Amino acid sequence: MYSNKKVIVCGMARSGISAAELLASVGADVTIQDIKPLDALEKIHDLDEMRNKGIKIYAGANPDDIIGQFDYAVMSPGVPCDLPFVKKAEELNVNVISEVELAYTLTKCPVCAITGTNGKTTTTTLAGLLLERKYKNTAVVGNIGVAYSEKALSLTKNDYVCAEISSFQLETSHTFRPHIAAVLNITPDHLNRHKTMENYVAVKEKIFANQGQDDFTILNKNDPYCIRMADKTDGRVFFFSSGEKLDEGIYLDGDEIHIKWDGLDEDVINVNELKILGVHNYENVMAAVACAVCAGVEMDEIRDVLREFNGVEHRIEYCGTFDGVDYYNDSKGTNPDASIRAVLAMRKPIVLIGGGYDKGSDYDEWVRLFEGRVKRLVLIGVTAEKIAACCDKYGFKNYEFAETFEECVEKCKAAAKDGDCVLLSPACASWGMFEDYEQRGRVFKELIKKGR
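Throughout this document, residue positions are counted from 1 along each chain, in the order its sequence is written. Local features in a predicted model are, by the rule used here, given only for residues with pLDDT of at least 70; side-chain atom pairs are given and counted only at 80 or more, and totals for whole chains, interfaces and linings are based on all residues. Neither water nor hydrogens contribute to the side-chain values; these are computed over all heavy atoms in the structure.

Description of the overall build of the protein
For the protein, the helix and strand inventory stands at 18 helices and 20 strands. Computed over its C-alpha atoms, the radius of gyration of the protein comes to 24 Å, within 12% of the 22 Å expected for a compact globule of 452 residues. Structurally, the protein occupies a C-alpha span of about 70 × 60 × 40 Å along its principal axes. When each of the 452 residues of the protein is scored for burial, the buried share is 56%. Relative to all contacts within the protein whose residues are 6 or more apart in sequence, the contacts with residues 24 or more apart total 66%. Accessible areas in this description were obtained via Shrake-Rupley with a 1.4 Å probe; residue shielding takes into account the shown protein chains only. Here the protein has roughly 19,100 Å² of accessible surface; of this, 46% comes from carbon and sulfur atoms. Averaging the positions of the 53 positive and the 70 negative side-chain charges in the protein gives two centres separated by 1 Å. Secondary structure elements follow DSSP: runs of H or I of four or more residues count as helices, runs of E of two or more count as strands, with numbering from the N terminus. Every radius of gyration here is taken over C-alpha atoms, with the globule rule written as 2.2 Å times N^0.38, N being the number of residues. Relative accessibility under 20% of the residue-type maximum defines a buried residue, over 50% an exposed one, and the middle range a partly exposed one, all with a 1.4 Å probe and only protein chains included. Here a residue-residue contact requires only that any non-hydrogen atoms of the pair lie within 4.5 Å. Neither His nor the chain termini are counted; the positive set is Lys and Arg, and the negative set is Asp and Glu. Lys charges are placed at NZ, Arg charges at CZ, Asp charges at CG and Glu charges at CD.

What follows is the structure, encoded as structure tokens:
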């Protein structure tokens, strides 16, 4: 399909490089482009290795003057589609496709694709683990960190792809037809790129645009945008719901996740058996289970995986129980909204770590949740005094300060008793103390196990 075709890959991040290497391996004449100058690219990539693979490099500019030379332009997700060269390519009948589209056209096995505004990574990770119980060579790819192009040629017809798909990856996907497509939820996001909610929703709908009656579309019955999507797909609709019982689908009934689908009418699991917490995560579980059921995974296998699943690293990640105290790493809680979700998810009295870099956030809504939930707050970083003042404003006095992160964790260990939980969900970025939230989460996990 791409042999002897002239292809330009736009963007030299992970997916772009993987796409260029995939194309070179199938005999395409490949050029990879990036707006960074050559000397900057040489510091972060082995350009000689790319050239040895037959990949030409066009650096320091967009390909406005050369775009007409190509048969295909492959867009990396980070490259906006409203750049002038993209319009010019379309006018010159150059096929503009996404990296996901490229990989899909070279894939022999079925695809389970998951999109939505929130919960994609958790759902895709869990769905991948579930699919592995039936399809041992399941490739978990996409926006989750492994480029689809890296895996496309290694898959046989007996394997499965489980892909986290962003709106950016769907923009220039045209023939992409996952056998199972899930839309988890839709809230305003990326409007700087998509401009309007209508555009954003329309792009998300491309995940099921090519589906037929033998395919499955998994949708959130509690999301108004997803409900409307049910009338737009030709796939068989499989609803999940945390807010109502369904005649057909999977839903939360008290503490039980229950499924009614194709002869199944049974409890899947009690949420108290799960290690991941919060209604938003129960929705992620239901969507992942729906994916697995549509792919033919047995219910006993599904239950085994659900009981073992600790969650995605740094996202309300269960880290273990020590001396009767549960520890959770939600270092990804870098703003109050994310930390609110984590606080609401906990089922035990909380010893909470808060504070970090000041992004100018308002902490009122977060702090108002503390009464009756947070038994102790240990504050750290440049926002510590600001958060403490907010606590004083609402009459929450059970807080203290720590000078170092290690001291902070030790104070949490001392304050937490049997039956409590310690939660790292700082509502702040990590800058100034750590390279990023991931390093902060890893250090937390090291410290809680120190001396055990």
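And the narrative resumes.
A short note on the environment of Ile448
Checked against the element boundaries, Ile448 lands in helix H18 (residues 437–449). Relative accessible area serves as the criterion here: at 0%, Ile448 is assigned to the buried category. With 128 residues separating them in the primary sequence, Ile448 and Gly320 have C-alpha atoms 9.1 Å apart. When sequence neighbours within four positions are dropped, the list of residues in contact with Ile448 reads Cys319, Phe322, Tyr327, Val409 and Lys413.

Section: the pattern of salt bridges
Salt bridges are counted wherever a side-chain nitrogen of Lys or Arg sits within 4 Å of a carboxyl oxygen of Asp or Glu. According to the stated counting rule, one finds 28 salt bridges in the structure shown. Through salt bridges with shared partners, a single network forms among Arg376, Glu400, Glu407 and Lys411.

Here's the deal with empty space enclosed by the protein
We place a 1 Å grid over just the protein atoms. Points where a 1.4 Å probe fits but has no way out form a cavity, open points with protein on both sides within 12 Å along at least 5 of 7 lines form a pocket, and any residue with an atom within 4 Å of a point lines it. Grid points are joined across faces, edges and corners, and a volume is the space filled by probe spheres set on the points. Within the structure shown, the criterion is met by one cavity of 30 Å³ or more. Of the pockets and cavities examined, the largest cavity occupies roughly 50 Å³. Residue lining of the largest cavity: Ile353, Gly355, Gly356, Ile380, Phe405, Leu424, Pro426, Ala429, Ser430, Met433, Phe434 and Arg440, and that is the complete set.

Describing the packing of aromatic side chains
The relative placement of two aromatic rings is captured by the distance of their centres and the angle of their planes. Two aromatic rings from Phe, Tyr or Trp, using only the six-membered ring of Trp, form a pair when their centres are within 6.5 Å; if the ring planes differ by under 30 degrees the pair is stacked, by over 60 it is edge-to-face, and anything between is tilted. In this structure the tally under the stated criterion is 13 aromatic pairs. A ring pair is formed by Tyr104 and Phe176, whose centres lie 5.3 Å apart and whose planes are at 90°; its orientation type is edge-to-face. Of this pair, Tyr104 sits in helix H5 (residues 99–105) while Phe176 is found in the loop between helix H8 (167–171) and strand E9 (180–183), placing the two residues 72 residues apart along the sequence. Judged on exposure class, the residue Tyr104 and its partner Phe176 are both buried. Charges are assigned to positions over rings by a cutoff of 6 Å between ring centre and Lys NZ or Arg CZ, combined with an angular limit of 35 degrees from the ring normal. Positioned over the ring face of Trp261 is Arg236, at 3.9 Å from the centre of the ring.

Describing helix H16 (residues 384–393)
Restricting attention to buried positions, one finds in H16 the residues Ala384, Ile387, Ala388, Cys390 and Cys391. Angular distribution of buried residues about the axis of H16 spans 160°; they occupy a single face of the element. Within H16, the exposed residues directed more than 90 degrees away from the buried face are Glu385 and Lys393. A positive phi of about 75° marks Gly395, the residue just after H16. Here, the arc refers to the directions that run from the helix axis to the C-beta atoms.

A closer look at the nonpolar core
Throughout, nonpolar core names a set of buried Ala, Val, Leu, Ile, Met, Phe, Trp, Tyr and Cys residues whose side chains join them through atoms within 4.5 Å. In this structure, Leu23, Leu102, Phe176 and Ile207 are the most contacted members of the largest nonpolar core, which totals 54 residues. Sorting elements by how many residues they give to this core places helix H1 (residues 14–25) first, with five residues. Leaving out residues up to four positions away in the same chain, Leu23 has contacts with Tyr2, Val7, Val9, Ala28, Val30, Val74 and Leu102. Counting residues in each nonpolar core, the second largest holds 44 residues, with Cys162, Phe238, Leu274 and Ala292 among its members.

Describing the pairing of strand E6 (residues 111–115)
Across the five residues that make up E6, a large majority, five, are buried. The side-chain alternation of E6 yields two buried faces, one formed by Val111, Ala113 and Thr115 and the other by Cys112 and Ile114. A pair of strands counts as paired when DSSP detects no fewer than two bridges linking them. Examined bridge by bridge, E6 and strand E8 (residues 160–164) share four bridges and lie parallel to one another. Of the residues in E8, the one forming a bridge with Cys112 is Cys162. Here E6 runs beside E9; their pairing, made up of four bridges, is parallel. Opposite Ile114, over in E9, you have Ala182 as the bridge partner.

Focus on the packing of helix H17 (residues 405–415) against H18
Any two packed helices are characterised by how steeply their axes cross, that is the angle between the axes, and by the distance between the axes. Structural elements are reduced to axes, namely lines fitted to C-alpha atoms, with helices fitted over the stretch in contact, and the angle between N-to-C directions of any two is expressed from 0 to 180 degrees. The geometry of H17 relative to H18 is characterised by a closest axis approach of 10 Å and an angle of 50° between their N-to-C directions. Compared by their axis directions, H17 and H18 come out oblique. Here the hand of the crossing between H17 and H18 comes out right-handed. Only Arg440, Val443, Phe444, Leu447 and Ile448 of H18 make contact with H17, whose side of the interface consists of Phe405, Glu406, Val409 and Lys413. Comment on the angle field: the value is read as roughly parallel under 35 degrees, roughly antiparallel over 145, roughly perpendicular from 65 to 115, and oblique elsewhere. By convention, the crossing between two helices is left-handed when the near helix turns anticlockwise from the far helix through less than a right angle, and right-handed when the turn is clockwise.

A short note on the pairing of strand E5 (residues 95–98)
Pairing geometry for strand E4 (residues 72–75) and E5, over four bridges, is parallel. Residue Val74 lies in a different strand from E5, and its bridge partner there is Ile97. Here the term right-handed applies to a crossover when the path leading from its first strand over the helix to its second strand runs clockwise, the strands being oriented away from the viewer. For the crossover from E4 across helix H4 (residues 84–91) to E5, the handedness is right-handed.

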